[in-house]
There are 2 protein chains.
Amino acid sequence: MVTSFNINEFVDDFKNCCNKVQKKSFNRDETITSYIRNRNQFCILVCGNADLVRYDLNGNKTIIEHFTNNDVFGEVFYSITINNELFVEAKSKCDVLIYNYYDIHTKCTKNCKFHQTLSEYLPELILNKITDLNTRVELLTKRTIRDKLLGYFNLLSTKTFNKTFKIPFSLTDLADYLSVDRSAMMRELKLLKDENFIDKNGKEITLLYK
Amino acid sequence: MVTSFNINEFVDDFKNCCNKVQKKSFNRDETITSYIRNRNQFCILVCGNADLVRYDLNGNKTIIEHFTNNDVFGEVFYSITINNELFVEAKSKCDVLIYNYYDIHTKCTKNCKFHQTLSEYLPELILNKITDLNTRVELLTKRTIRDKLLGYFNLLSTKTFNKTFKIPFSLTDLADYLSVDRSAMMRELKLLKDENFIDKNGKEITLLYK
DNA sequence: ACATTTTTGTTGCGATTGCAACAAAAAACA
DNA sequence: TGTTTTTTGTTGCAATCGCAACAAAAATGT
C-alpha cells in the first residue's frame, strides 16, 4: 500500500473545523503525552519526530516506537500496558493533533472539510501503523543481531529500490529500534563489512550479496 | 478497552448478505492463506486457532502472530514484507471470513444486517489488533528471557485480576511468542521458581513478589 | 570559532543464551 | 486399550551478546 495522504496538506482546513480537535506544538525534549489508562486519547503527528519511550525500574530507557509525519499514536492503542511508565517525547519541533478516539467517529456537526478528509483517510493511517508494527515484530523475532540488521537492510533496500541506501536515523537509535546493545551491533556491522556482506560508509549501506 | 463484540453471534446473518464476503472452513494444519504482495486480502477469524508463520532460508519456523476468535489478519496489514514466505496455518478447525479490504468500506448494496454490524465494530477489532501488536513489541524489546517472562506474567495477572493464572498455550508456543529458545526459557522458569519469584505447577503460575 | 554534547567506533570479559541431545510425562489418535 | 506424537523438563557446551570503559569524530550551541 502506498500512502497517498499527507495530513500536512489539510491541516489548514483545521481553522474552520469544529472544536473537538486540539492542535498543539511541542519543542525538542518536551513530553507530548503520557499513557495512562482509559483516556482513549488518539493523536496524529502532523510534522516532526517523536519517540514512545519506556523507563524501567532501573531507569533504563527503551524506544518502543518512533513516530514521524502522519503517524498515529496514543493510549487508545495501548489499553493494557505492561507497566505504565510510557511517554511520548518530541525529538524535534512537533505539531500534533489530539482527539478523543470516539470523537472521530461521531459525525462533525459543522460537516467541515477537515473532518471529512480525515475520516476518509483514517483507515489508511491506521493500516500504515499496523504495517509498521508488523515489520517491527518481524525484525524483533529474529534471533541474532546479524539477522536483525540484514532484515532491516533488506527492508530499506526494498523500499528504496536500491542496493545502496542511508540509515534514516542514528546508529544509536537503530540499536534501540532493533532492541540490541549498541556496541554489540557496531561489532556485528564491522563483521558484516569484513565478511563482504555489506559495504558501509557512515550511515550509508550497500548490500553486496545476491 | 473491553471487547463487547463477538463476530460469532452475527455470523448467521451472513446467509442473507451480499456475496462480497467469503466464508471458508479449514481443518488443522491446512493453510488458510499466504501473504503475497498487493492482494489487499482482509480476514476475520470467526472461530478456531491459527498462526502466522515464517519459514526462513534454513527452514526454521517462527510463529510471528497467533490468532484466536475475532482476530483480524491478512496481507493488507503486511504490504511490505521483509521476506514473502509467510503463511497462515490453522492450528484447529477454523471458520474464516475473507474480504478484499476495500470492499468493507464500500457500502453493501443489500444494506444487510451483517455488513452493518461489521462496519460498526470493525474499528474495535482493528484497535484490538494494534493493542496486541503493541503488547508483543513491548515484550520483545525486553532484553533478557527473565524480563520477557515477568512482563508476560504481569500482563496475564493484570488481565485476570489474579496472582495465579494459567498460561493459555503450550510452553513451546510461549517460547515462540517471546522469540527465545525453549530450553533456555525452561531453565529461566526453573531459576525464577528456585529464587521464589514465582510458583509453578505445569502451566499454572503464581506471582510471589510485591 | 570555541566549548559542549552527542554519536561513532573499538575491545576485553563475563553473563546469558541458543543448540543439541536426551528421558519422562502428557496428549492425541486409532 | 495400546501406540504414536507432542510437550515438558534437564544439562553441558560453545557462540553470542550485553556491559563497561574509553578515544575519536561529528554535531550542536553560544
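Residues numbered from 1 in each chain as written. Chains lettered and ligands numbered in written order. Predicted model: local features only at pLDDT ≥ 70, side-chain atom pairs only at ≥ 80, totals over all residues. Heavy atoms only, no water.

Draft legend 1. Expanded view of the environment of A:T141. Locating A:T141 in the fold gives a position in the loop between α2 (113–140) and α3 (145–160). Sequence separation of A:T141 and A:L178 is 37 residues, and the distance between their C-alpha atoms is 9.8 Å. Beyond its immediate stretch of four places on either side in the chain, A:T141 contacts B:R54, B:T62, B:R136, B:L140 and B:S179. (Helix = DSSP H or I, 4+ residues; strand = E, 2+ residues; numbered from the N terminus. Contact = heavy atoms within 4.5 Å.)

Draft legend 2. How the structure looks around the protein's contact with DNA strand C. Lining the immediate environment of DNA strand C, one finds 19 residues, of which A:L171, A:K200, B:T144, B:I145 and B:R187 sit closest. At the protein interface, 51% of the atoms of DNA strand C within 4 Å belong to sugar or phosphate. Between DNA strand C and A:R187, the relevant distance is 3.3 Å, taken from a base oxygen to a side-chain nitrogen or oxygen of the residue. Mapped by element, the contributors of at least two residues to the surface near DNA strand C are α4 (171–177) and α5 (182–194) of chain A together with α5 (182–194) of chain B. Tallied by class, residues from the surface near DNA strand C come to 5 nonpolar, 5 polar and 9 charged. (Near = heavy atom within 4 Å. Polar contact = N/O pair within 3.5 Å; in protein donor to acceptor, adjacent residues only side chain to side chain. Nonpolar A, V, L, I, M, F, W, Y, C, P; charged D, E, K, R; others polar.)

Draft legend 3. Representation of the relation of the copies chain B and chain A within the structure. Of the transformation superimposing chain B on chain A, the axial component is 0.0 Å and the angular component is 180°, with the fit at an RMSD of 0.1 Å. Seen this way, the second copy is the image of the first under a two-fold rotation axis. Counting the interface residues of chain B, we find that 100% of their copies in chain A are interface residues as well, pointing to one common contact surface. (Least-squares fit on C-alpha atoms with pLDDT ≥ 70 in both.)

Draft legend 4. Layout of the interface of chain B and chain A. Tallying the contact residues gives 43 residues for chain B and 43 residues for chain A. Across the chain B/chain A interface, buried area totals approximately 4100 Å², and carbon plus sulfur atoms make up 60% of it. Run the count over chain B and chain A and you get 2 salt bridges. Two residues, A:R54 and B:E138, come together in a salt bridge whose shortest N-O distance is 3.6 Å. Where chain B touches chain A, the interface holds 14 residue pairs in polar contact (both at pLDDT 80 or more). For the side of chain B that touches chain A, the elements supplying multiple residues, two or more each, are β5 (61–67), α1 (101–105), α2 (113–140) and α3 (145–160) of chain B. In terms of residue count, α2(B) provides more of the side of chain B that touches chain A than any other element does, 14 residues in total. (Buried area = accessible area lost by both parts, 1.4 Å probe. Salt bridge = Lys/Arg side-chain N within 4 Å of Asp/Glu carboxyl O.)

Draft legend 5. Representation of the state of the cysteines. Per the counting criterion, the structure on display carries 0 disulfides over all chains. Distance from the sulfur of A:C43, which forms no disulfide, to the nearest cysteine sulfur (A:C94) is 11 Å. (Disulfide = S-S within 2.5 Å.)

Draft legend 6. How the structure looks around the protein's contact with DNA strand D. Around DNA strand D, the structure places 19 residues, and the nearest of them are A:T144, A:I145, A:R187, B:L171 and B:K200. The backbone of B:L171 places a nitrogen or oxygen atom 2.8 Å from a phosphate oxygen of DNA strand D. B:K200 is positioned such that a nitrogen or oxygen atom in its side chain is 2.9 Å from a phosphate oxygen of DNA strand D. Those elements that place two or more of their residues in the surface near DNA strand D are α5 of chain A together with α4 (171–178) and α5 of chain B.

Draft legend 7. Spotlight on the sheet that holds strand β7 (residues 86–90) of chain A. Residues and elements named next belong to chain A. As summarised here, the arrangement of the 4 strands in space is β2-β7-β4-β5, forming an open sheet in which the pairing is antiparallel. Bordering the open sheet on either side are β2 (31–34) and β5 (61–67), each of which pairs with just one other strand. Here the average twist between neighbouring strands, direction ignored, is 25°. Note that strand β4 (residues 50–55) and β7 share 5 bridges and pair antiparallel. For V53, the partnering residue across the bridge sits in β7 and is F87. (Pairing = 2+ DSSP bridges. Axes fitted to C-alpha atoms, helices over the stretch in contact; angles between N-to-C directions.)

Draft legend 8. The arrangement of the pattern of salt bridges in detail. In total, this model carries 14 salt bridges over all chains according to the counting rule given. One salt bridge in this structure joins A:D95 and A:K93, with 3.5 Å as the shortest N-O distance. What makes A:D95 buried here is its relative accessible area of 14%. In this structure, B:E195 and B:R146 form a salt bridge, with 3.0 Å as the shortest nitrogen-oxygen distance. In this pair, B:E195 is assigned in the loop between α5 and β10 (198–201) and B:R146 in helix α3, connecting sequence segments 49 residues apart. Assessed through its relative accessible area of 41%, B:E195 is described here as partly exposed. (Buried < 20%, exposed > 50% of the residue type's maximum accessible area, 1.4 Å probe, protein only.)

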